[in-house]
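A closer look at the structure
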Amino acid sequence: MGKVLIALDEEEQLMLQRICLDKDAGEALEFVLQKIAPKIPKKIPCLAGMLMQPER
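For the structure given in this document, a descriptive report is provided here. (Residues numbered from 1 in each chain as written. Predicted model: local features only at pLDDT ≥ 70, side-chain atom pairs only at ≥ 80, totals over all residues. Heavy atoms only, no water.)

Turning to the packing of helix H1 (residues 10–22) against helix H2 (residues 25–36), a few remarks are in order. Packing of H1 against H2 brings their axes to within 9 Å, and their N-to-C directions diverge by 155°. With respect to H2, the axis of H1 lies roughly antiparallel. Every pair of crossing elements has a handedness; the one defined by H1 and H2 is left-handed. Touching Glu12, Met15, Leu16, Arg18, Ile19 and Asp22 of H1 are Glu27, Ala28, Phe31 and Lys35, all from H2. Residues that form the contact of H1 with H2 fall into these classes: 5 nonpolar, no polar and 5 charged. (Axes fitted to C-alpha atoms, helices over the stretch in contact; angles between N-to-C directions. Helix = DSSP H or I, 4+ residues; strand = E, 2+ residues; numbered from the N terminus. Parallel < 35°, antiparallel > 145°, perpendicular 65-115°, else oblique. Left-handed = near helix turned anticlockwise from the far one by under 90°. Contact = heavy atoms within 4.5 Å. Nonpolar A, V, L, I, M, F, W, Y, C, P; charged D, E, K, R; others polar.)

The terminal C-alpha atoms of H1 lie 18 Å apart, and with 13 residues this matches the ideal 18 Å at 1.5 Å per residue to within 8%. Between the side-chain oxygen of the N-cap and the backbone nitrogen of glutamate 11 there are 3.1 Å, and the N-cap of H1 in question is aspartate 9. Within two residues after H1, lysine 23 carries a phi angle of roughly 50°, on the positive side. (Expected span 1.5 Å × (residues − 1). Polar contact = N/O pair within 3.5 Å; in protein donor to acceptor, adjacent residues only side chain to side chain.)

Below, the structure is given as structure tokens:
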């Protein structure tokens with residue numbers, strides 16, 4: 001998997017800074033699952049990709 005760049009708005013950046021200062025693992029995981037993971041592009045499975053291609 002290659003590199004993924006995501007953008008965090010000001011509120012998310014403040015949340016992340018607070019989590020880093022608190023060193024709260026549970027809060028960090030929650031942040032990743034709710035704020036970061038949804039921003040990562042999902043790959044389409046091969047079959048779905050083939051079905052979505054226009055017919056030739």
